[in-house]
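Next come the chains, spelled out residue by residue.
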Amino acid sequence: MDPILNPFAPGAGTAPPELTGRSELLHSAQVALERVRLGRPARSFMATGLRGVGKTVLLNHVYRMADASAYKAIHVEAVAGRSLPTLLLPALKRTLLELDRLGQVNEAVKRGLRVLRSFVSAVKLNVGEAELGIDIDPERGVADSGELEADLTALFVALGNAARAREKAVAIFIDEVQYLARPDMSALIMALHRVSQLGLPITMFAAGLPHLLGVSGDTKTYAERLFDFTSIGALSYDDVIQAVDLPAQKQEISFTPQALQEIYQVTEGYPYFVQEWAYHSWNAAPRSPITQDDVVTAQKTVLARLDAGFFRVRFDRMTPRERAYLRTMAELGPGNHRSGEIANRMNADVRSLGPLRNILISKGMIYSPAYGENAFTVPLFDAYLRRAMPEFKA
Ligand SMILES: Nc1ncnc2c1ncn2[C@@H]1O[C@H](COP(=O)(O)OP(=O)(O)OP(=O)(O)O)[C@@H](O)[C@H]1O
Ligand SMILES: [Mg+2]
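Residues numbered from 1 in each chain as written. Chains lettered and ligands numbered in written order. Predicted model: local features only at pLDDT ≥ 70, side-chain atom pairs only at ≥ 80, totals over all residues. Heavy atoms only, no water.

**Looking at the sheet that holds strand β6 (residues 337-338)**
Phase 1 of the analysis: Taken in spatial order, the three strands line up as β6-β8-β7 in an open sheet, and their pairing is antiparallel. Pairing within the sheet leaves two strands with one partner each, and these edge strands are β6 and β7 (366-367).
Phase 2 of the analysis: With two bridges joining them, β7 and strand β8 (residues 373-376) adopt antiparallel strand pairing. Within β8, the residue paired with Tyr-367 across the bridge is Ala-375. (Pairing = 2+ DSSP bridges. Helix = DSSP H or I, 4+ residues; strand = E, 2+ residues; numbered from the N terminus.)

**Re the side chain of Asn-106**
Phase 1 of the analysis: Relative to the elements of secondary structure, Asn-106 occurs in the loop between α3 (84-101) and α4 (107-122).
Phase 2 of the analysis: At 2.8 Å, the side chain of Asn-106 and the backbone nitrogen of Ala-108 are in polar contact.
Phase 3 of the analysis: For Asn-106, the contacting residues outside a window of four places in its chain are Ala-165 and Arg-166. (Polar contact = N/O pair within 3.5 Å; in protein donor to acceptor, adjacent residues only side chain to side chain. Contact = heavy atoms within 4.5 Å.)

**A closer look at the packing of α3 against α4**
Phase 1 of the analysis: For the pair α3 and α4, interaxial distance at closest approach is 9 Å and the crossing angle is 160°. Put simply, α3 runs roughly antiparallel to α4. α4 is crossed by α3, and the crossing has left-handed handedness. Together, Pro-85, Leu-89, Leu-92, Lys-93, Leu-96, Leu-97, Leu-99 and Asp-100 of α3 and Val-109, Lys-110, Gly-112, Leu-113, Leu-116, Phe-119 and Val-120 of α4 make up the contact between the two elements.
Phase 2 of the analysis: For the contact of α3 with α4, the residue count by class is eleven nonpolar, one polar and three charged. (Axes fitted to C-alpha atoms, helices over the stretch in contact; angles between N-to-C directions. Parallel < 35°, antiparallel > 145°, perpendicular 65-115°, else oblique. Left-handed = near helix turned anticlockwise from the far one by under 90°. Nonpolar A, V, L, I, M, F, W, Y, C, P; charged D, E, K, R; others polar.)

**Looking at the domain arrangement of the protein chain**
How big an interface is tends to be stated in terms of accessible area lost as the parts join.
Phase 1 of the analysis: What the domain assignment lists for the protein chain is domain 1 (3-13 + 235-308), domain 2 (23-231) and domain 3 (312-388).
Phase 2 of the analysis: For domain 2 and domain 3, the distance between their C-alpha centroids amounts to 34 Å.
Phase 3 of the analysis: Here domain 2 and domain 3 share an interface that buries about 680 Å² over both sides, 65% of which is from carbon and sulfur atoms.
Phase 4 of the analysis: Between domain 2 and domain 3 we count one residue pair in polar contact (both at pLDDT 80 or more) in total. (Domains from an automatic or database assignment. Buried area = accessible area lost by both parts, 1.4 Å probe.)

What follows is the structure in structure tokens.
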């Protein structure tokens, strides 16, 4: 089939031709956006899931929903080692300047800018000050204590008042949220909690790898009131069928039921794999309907591509010891594996492997689904490792 007309969209954060299986989440997000705008309490979502399940795509979809209504939408991607102020401030500044330009001089908006200026003067940043320079006097004594939680709260309150004065709301979208440091995460939650108490129109949607939320006590309680912690995962059989069949049908092309069944089976419903398989099956098929044989023919190309790309980029970042740990996990098969079990296989003491395990978690290769348990963040990674390191002996 003509590759130029191929509707499928494998890639990081590439919008699929048909976003299936997420309608409930999107509906709740729409309701939350409307409620926050009206100053009513609402729960946004914090979505977690493995690599390639569609977190970024989902977040981008809600971003566009916000952007199309009365929202100023801010999107940032957290990066290991970068502080929250460094990530957020350029976008917050832009938002306040846009609010400023929306109408006649407004005291709440000007105050927002002054508070931002105070905030900037008090935090240590690793972005150029010039990028954040604002031609306005700071609001002395507000948001400049140097204590992140209090300062961020003061800044969000000022921003919320500024947005309200312009009949706008603010939605902050944070992708790869697992990279935020714990104190930053907890300051963010406390600041959002305060603006929600005051009925100010600011909300946040976030997505990241599965992890145990690194906050406790009051912060945890507030987080549970502010967010629905949703885990997003593989698509159901019906959702896979829709994701593949509908985009093809729009171009008057069809997949046979056996072809669809085959795609579901080999991908286990993981969205990124669904796009890859559908894409290459389309290219491999000589004509419509696309058959099971076409899917099987495409398999070689897909696996070669995945092994050279999606899987390989992650594998290449690992040291030999890290690879050995991962390969041992793969030897134990799919699913969760206890640290003790892995250590046994490696003939090592579980405590001595603790630091190695922590590095793998911080690199986002594995996560801990429960205390002492380990699982891959990349679906089907165990099978890949067995292909990549066939001779391995623990
Ligand atoms: N609901 C869905 N239906 C069909 N395809 C989807 C869906 N969600 C995502 N995809 C496809 O899956 C692929 C991966 O999506 P995305 O990059 O959003 O995943 P991710 O969870 O952010 O991955 P990572 O953890 O690597 O950042 C894209 O090609 C996208 O088009
Ligand atoms: Mg992503």
